[in-house]
Amino acid sequence: FSIDVGSNTLELISRYDEEKMYPVNKENAIEQVRAIVEAEVVPEDVEMALNFMNLSTLPQRMKDKEIILAEFRGKTLGWFCAQFIAVQRDDDGNITEVIFTRQNINEMKKEKERLLKLSSYDELTMLFNRHFYKEKLQELKDNNVLFTRIIVFDINELKTVNDNIGHIAGDELIKAAASCIKNSFENYGTA
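In this report, we go over the structure that sits alongside the text. (Residues numbered from 1 in each chain as written. Predicted model: local features only at pLDDT ≥ 70, side-chain atom pairs only at ≥ 80, totals over all residues. Heavy atoms only, no water.)

1. Things to note about the pattern of salt bridges
Here is step 1: Across all of its chains, the model carries 10 salt bridges by this definition.
Here is step 2: Among the ionic pairs, Glu71 bridges to Lys109, the shortest N-O distance being 2.7 Å. Taken together, the positions of Glu71 in strand S3 (residues 67–74) and Lys109 in helix H4 (residues 106–120) put the pair 38 residues apart, joining distant regions of the chain.
Here is step 3: Given a relative accessible area of 15%, Lys109 falls into the buried group.
Here is step 4: A salt bridge links Arg114 to Glu111; the nearest nitrogen and oxygen atoms lie 2.9 Å apart. Of this pair, Arg114 and Glu111 both sit in helix H4, 3 residues apart, which is roughly one turn of that helix.
Here is step 5: What makes Glu111 partly exposed here is its relative accessible area of 35%.
Here is step 6: Residues joined by salt bridges that share partners form a network here, namely Glu44, Asp45 and Arg73. (Salt bridge = Lys/Arg side-chain N within 4 Å of Asp/Glu carboxyl O. Helix = DSSP H or I, 4+ residues; strand = E, 2+ residues; numbered from the N terminus. Buried < 20%, exposed > 50% of the residue type's maximum accessible area, 1.4 Å probe, protein only.)

2. Side note on the sheet that holds strand S4 (residues 78–89)
Here is step 1: The strand order across the open sheet built from 5 strands is S2-S1-S5-S4-S3, with neighbouring strands paired in antiparallel fashion. Only two strands of the sheet have a single neighbouring strand rather than two, namely strand S2 (9–11) and S3. Between one strand axis and the next, the sheet turns by 25 degrees as a mean value, whatever way the strands run.
Here is step 2: With 8 bridges joining them, S3 and S4 adopt antiparallel strand pairing. Its bridge partner being in S4, Ile67 is matched across the sheet by Ile85. (Pairing = 2+ DSSP bridges. Axes fitted to C-alpha atoms, helices over the stretch in contact; angles between N-to-C directions.)

3. Thoughts on the pairing of S3
Here is step 1: Going residue by residue along S3, you find Ile68, Ala70, Phe72 and Gly74 tucked away on one face and Ile67, Leu69, Glu71 and Arg73 left uncovered on the opposite face.
Here is step 2: Linking S3 to S4, which pair antiparallel, is a turn of 3 residues.

4. Points about unusual backbone geometry
Here is step 1: Despite not being glycine, Asn144 shows a phi value in the positive range, around 55 degrees.
Here is step 2: Tracing the backbone shows Asn144 in the loop between helix H5 (130–142) and helix H6 (158–164).
Here is step 3: With a phi angle near 65 degrees, Glu157 is a residue other than glycine that sits in the positive phi range.
Here is step 4: Tracing the chain through its elements places Glu157 in the loop between H5 and H6.
Here is step 5: Glu157 gets classed as exposed once you look at its relative accessible area, which sits at 53%.

5. What about the environment of Asn28?
Here is step 1: Position of Asn28 among the secondary structure elements: in the loop between S2 and helix H1 (29–40).
Here is step 2: For Asn28, a relative accessible area of 29% corresponds to the partly exposed category.

As far as function goes, none of this settles anything; it's purely spatial.
Right, here's the structure in full:
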């Protein structure tokens, strides 16, 4: 959409299939944007989306910015990035016209989640790794947790297994030990 902030009007400049259900009325952009947000954004994100999409506060929020953006979850699109791009300003630098656009970022969000998971898990055992452990200790410290228990395990003779039977057997030993640890402690804490 191209939005004239001063006259509170909008014009559709590109149409996606999802938007065909919304007839575009050039007048009263504020009400039209609100109706689209309420229809398209998941209920948990509606208030945040309405604040971001608030055209009456947009000039102040974009005073010294060319682009502002936010991420929301849509009912049909999944995750999307919404952005306002300044197109025209008055002599005082206040925006008078913006382009509003949105981009589906579902795949990017899934990849980010996958990478975050990989950064916290050991690939062989699928237990949390040292990175997660350090983060968890910092979180406990930041939350002033005064008492916690940490149990450390060592697999005896792992080097002997690796040297005499092979690393595949050593990996199986590690995975079996991890499974025992997880099954023993998953109801009491984090493995």
